[in-house]
Amino acid sequence: MLEGETIDVGAGDLVWIERGKVHGFTNPFDEPAVVLCTITPGLLGAEYFREIRGLLGGGGTPDPKAMAEVMLRYGLVPVKPA
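All values derive from a computational prediction rather than experimental measurement. (Residues numbered from 1 in each chain as written. Predicted model: local features only at pLDDT ≥ 70, side-chain atom pairs only at ≥ 80, totals over all residues. Heavy atoms only, no water.)

K.L.:
I'd like to hear about the nonpolar core, residue by residue, with values.
P.N.:
The biggest cluster of nonpolar side chains holds six residues, and these are Leu44, Tyr48, Ile52, Met67, Val70 and Met71. The dominant element in this core, judged by the number of residues it contributes, is helix α2 (residues 64–73), at three residues. Residues in contact with tyrosine 48, not counting those within four places in the same chain, are Val70, Met71, Tyr74 and Leu76. (Core = buried A, V, L, I, M, F, W, Y, C linked by side-chain atoms within 4.5 Å. Buried < 20%, exposed > 50% of the residue type's maximum accessible area, 1.4 Å probe, protein only. Helix = DSSP H or I, 4+ residues; strand = E, 2+ residues; numbered from the N terminus. Contact = heavy atoms within 4.5 Å.)

K.L.:
Pulling in residues and values, what's your account of unusual backbone geometry?
P.N.:
Excluding glycine, residues mostly carry a negative phi; peptide bonds, for their part, are mostly trans. Here glutamate 3, not a glycine, exhibits a phi torsion of approximately 55 degrees, which is positive. Within the secondary structure layout, glutamate 3 lies in the segment before α1 (46–56).

K.L.:
Hey, could you go over the pattern of salt bridges for me, with residue numbers and the actual values?
P.N.:
Scanning the model with the defined rule gives two salt bridges in all. The salt bridge partner of glutamate 47 is arginine 50, with a shortest N-O separation of 3.4 Å. Highlighted residues: glutamate 47 and arginine 50, both in helix α1, separated by three residues, approximately one helical turn. Glutamate 47 gets classed as partly exposed once you look at its relative accessible area, which sits at 42%. According to the relative accessible area criterion, arginine 50 is partly exposed, its value standing at 46%. With its nearest N and O atoms 2.2 Å apart, the salt bridge here joins glutamate 51 to arginine 73. Taken together, the residues span a long stretch of sequence, with glutamate 51 in helix α1 and arginine 73 in helix α2 at a distance of 22 residues. (Salt bridge = Lys/Arg side-chain N within 4 Å of Asp/Glu carboxyl O.)

K.L.:
Tell me about α2, and name the residues and values.
P.N.:
Along α2, the residues classified as buried are Ala66, Met67, Ala68, Val70 and Met71. For α2, the elements touching its buried residues are α1.

K.L.:
Explain a nonpolar patch on the surface residue by residue, including any values.
P.N.:
A cluster of nonpolar residues, Met1, Val22, Val77 and Val79, forms a patch on the protein surface that exposes about 340 Å² of accessible area. Mapped onto the fold, valine 77 is located in the segment after α2. Judged by its relative accessible area of 65%, valine 77 falls in the exposed class. (Patch = residues over 30% accessible without salt bridge, like charges linked within 9 Å, V, L, I, M, F, W, Y side chains within 5 Å. Areas by Shrake-Rupley, 256 points an atom, 1.4 Å probe, with all protein chains shown as cover.)

K.L.:
Got a sec to walk through the packing of α1 against α2? Specific residues and values, please.
P.N.:
Relative orientation of the contacting elements α1 and α2 amounts to 180 degrees, with a least axis distance of 10 Å. Relative to α2, the element α1 lies roughly antiparallel. Residue-level inspection shows Tyr48, Glu51, Ile52, Leu55 and Leu56 of α1 in contact with α2, the latter providing Ala66, Met67, Val70, Met71 and Arg73. Its residues placed into classes, the contact of α1 with α2 shows eight nonpolar, no polar and two charged. (Axes fitted to C-alpha atoms, helices over the stretch in contact; angles between N-to-C directions. Parallel < 35°, antiparallel > 145°, perpendicular 65-115°, else oblique. Nonpolar A, V, L, I, M, F, W, Y, C, P; charged D, E, K, R; others polar.)

In structure tokens, the structure reads:
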């Protein structure tokens, strides 16, 4: 989802997200998804992604409050899904 618009992507597709744009990711399929994100300039360090991985590692839906707390610590603004 990018600025309220659902964008279906497949293998090899690219989605460009400008700074400040509201975006999110879901995988509605049973198969795992692999996503490569490049952030430039590198405003988020490895520790942010380690913390997020810790919240996502258990499978299932992550705790929105815990996700928001991590995001806020790193200067990101969580937005509730539409």
